[in-house]
Amino acid sequence: MRAVRFDVSARGFVLARTLGRISDAPLYGGLSALALGEVDLPDLPGGRWVRLRVVSCGICGTDISSIGYALSPSIEPFSSFPAVLGHEILATVEAVGSEVSRVEPGQRVSVDPMIACTVRGFSSPCPSCSVGRHGTCEMAGEDGEVRVGQSPLSPGLTIGYHRDLPGGWGELVLAHEDQLFPVPEGLDDRTAVLTEPLSIGMHAVLNSGPLTTDQVLVIGSGPIALGTIWALRATGFDGSILAQIKRRHEAELATLFGASSVIQPGDPARSALVDSGARAYMPIIGEEVFAGGGFPLIFDCVGSRASLTQALRFASPRGTVVMLGCAAEIPKLDLTAIWSRELNLRGFVGYGLEDWRGERRHTFEVTHELMVETGTPLDRMVTHVYPLDEFRDGVRAAANRRRSGAVKVVLAP
């Protein structure tokens, strides 16, 4: 099959971190470790496995960070390369194993790319997988019991960063039936391909505790931030949602998805903080600080030094900051506010089993249900679609959203 593969190497790291500062050639161009070519797809590893033909697959900010060697080394043991990238997968079922009962050929499915203990072939799941939180599977650094070809399943937490399980930047993928969720007929492809990124915000909203506050701040302009705004409204939050957004077309989407008001970073955001009742003070050395007021619940969907600094400064005493942006190593981040304002800092990854309307449901199922129920035109987030032959243009568009105007970029094999 044809697929875009990425390999990790010392040479690639040096090029990305040096020449990559002045040119995108070492990141996405001819000097990069990205290449489109023929890749062998393994046979089905067992009776509960399925072969899928990719309809489309999103390009994620984590993909961009991986290509640029910008992720923390702490997650490196939980991936394996070379790998076909792409974990935001919409596909149709092409062939099923002898024991598959959840799906059948021809169905459209969303793919949960997280690799749980069941997928690895372990009969006794780890503590995380046993409670439906396989995004933190504690066996991700180990070989699996399942064999792919002649070898055990390699370590790795996610399809798309796994040498044995190609991701969606190719024509075909393999998945265990437990990873597959049929797409409701009422959802078109441009909406359905958003299931994975929307489920990240949904998982965070459903697990951030009772939303007893009447005001939420969401920091970020990308799909995770916009999906968090939608998830808040879709699950019934009726308070004020203040969205901090950079660009006009993103602000329009934030409003369409449920934001009460939109501000830009900088002085407009500071004014919103002061309007909340915060009082400003200037230390002898350093940046302005605040007391009182603030926002009781903040979702940081960026994960940069600037966004985390703002979230900690803007949180009200005993407020909660939810980290959804993939923050890595951040030098000179002042954490004083966590203890001096008694803040709660929460982090969420992926999706899992949720308590939803009296049942235990997978996040993808909740997201599908609310996509149909709300009728929100979520497809407007998909701004760019590229065929595999033009994957470099797609990655460039996703990496430089200011220049391209992209919100969600999708590859359609």
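Structure report, in brief. (Residues numbered from 1 in each chain as written. Predicted model: local features only at pLDDT ≥ 70, side-chain atom pairs only at ≥ 80, totals over all residues. Heavy atoms only, no water.)

**Let's talk about the overall build of the protein**
Alright, step 1. For the protein, the count of helices and strands is 14 helices and 22 strands.
Alright, step 2. Against the 2.2 N^0.38 benchmark of 22 Å for 413 residues, the protein shows a C-alpha radius of gyration of 21 Å, consistent with a compact globule.
Alright, step 3. By residue count, 53% of the 413 residues in the protein fall in the buried class.
Alright, step 4. Taking all contacts inside the protein whose residues are at least 6 apart in sequence as the whole, residues at least 24 apart take part in 70%.
Alright, step 5. Of the accessible surface of the protein, which amounts to about 17,800 Å², a share of 50% is contributed by carbon and sulfur atoms.
Alright, step 6. Where the 37 positive side-chain charges of the protein centre and where its 46 negative ones centre are 7 Å apart. (Helix = DSSP H or I, 4+ residues; strand = E, 2+ residues; numbered from the N terminus. Rg over C-alpha atoms; globule rule 2.2 N^0.38 Å. Buried < 20%, exposed > 50% of the residue type's maximum accessible area, 1.4 Å probe, protein only. Contact = heavy atoms within 4.5 Å. Areas by Shrake-Rupley, 256 points an atom, 1.4 Å probe, with all protein chains shown as cover. Lys, Arg positive; Asp, Glu negative; His and termini not counted. Charge placed at Lys NZ, Arg CZ, Asp CG, Glu CD.)

**Notes on the packing of helix α7 (residues 223–234) against helix α8 (residues 248–257)**
Alright, step 1. Running from amino to carboxyl end, α7 crosses α8 at an angle of 15 degrees, the nearest separation of the two axes being 8 Å. When the axes of α7 and α8 are compared, the pair comes out roughly parallel. Here the hand of the crossing between α7 and α8 comes out right-handed. Listed contacts from α8 to L226, I229, W230 and R233 of α7 are E250, L253, A254 and F257. (Axes fitted to C-alpha atoms, helices over the stretch in contact; angles between N-to-C directions. Parallel < 35°, antiparallel > 145°, perpendicular 65-115°, else oblique. Left-handed = near helix turned anticlockwise from the far one by under 90°.)

**Here we look at unusual backbone geometry**
Alright, step 1. With an omega of 5 degrees, the peptide bond running from F81 to P82 counts as cis.
Alright, step 2. Mapped onto the elements of the fold, P82 is located in the loop between α2 (61–67) and β4 (83–84).
Alright, step 3. Positive phi values are uncommon outside glycine, yet Y69 reaches one of about 55 degrees.
Alright, step 4. Within the secondary structure layout, Y69 lies in the loop between α2 and β4.
Alright, step 5. Even without being glycine, R357 reaches a positive phi, approximately 50 degrees.

**Considerations on the side chain of T191**
Alright, step 1. Looking at the element boundaries, T191 is found in helix α5 (residues 189–192).
Alright, step 2. There is a polar contact of 2.8 Å between the side chain of T191 and the side chain of D188.
Alright, step 3. When residues no more than four places from it in sequence are discounted, the contact partners of T191 are M371, L378 and D379. (Polar contact = N/O pair within 3.5 Å; in protein donor to acceptor, adjacent residues only side chain to side chain.)

**What about the sheet that holds strand β18 (residues 344–347)?**
Alright, step 1. Reading across from one edge, β13-β12-β11-β16-β17-β18 is the order of the six strands in this open sheet, with parallel pairing throughout. Of all the strands in the sheet, the pair left with one neighbour each is β13 (261–263) and β18. For this sheet, the mean inter-axis angle between neighbouring strands, taken without regard to orientation, is 20 degrees.
Alright, step 2. Pairing geometry for strand β11 (residues 215–219) and strand β16 (residues 295–300), over four bridges, is parallel. From the neighbouring strand, I219 faces β16, where its bridge partner is D300.
Alright, step 3. Running at roughly 160 degrees to β11, α7 makes contact with β11, β12 (240–244) and β16 of the sheet.
Alright, step 4. Each of β12, β13 and β16 touches helix α9 (residues 267–275); the most contacted strand, β13, lies at about 130 degrees to it. (Pairing = 2+ DSSP bridges.)

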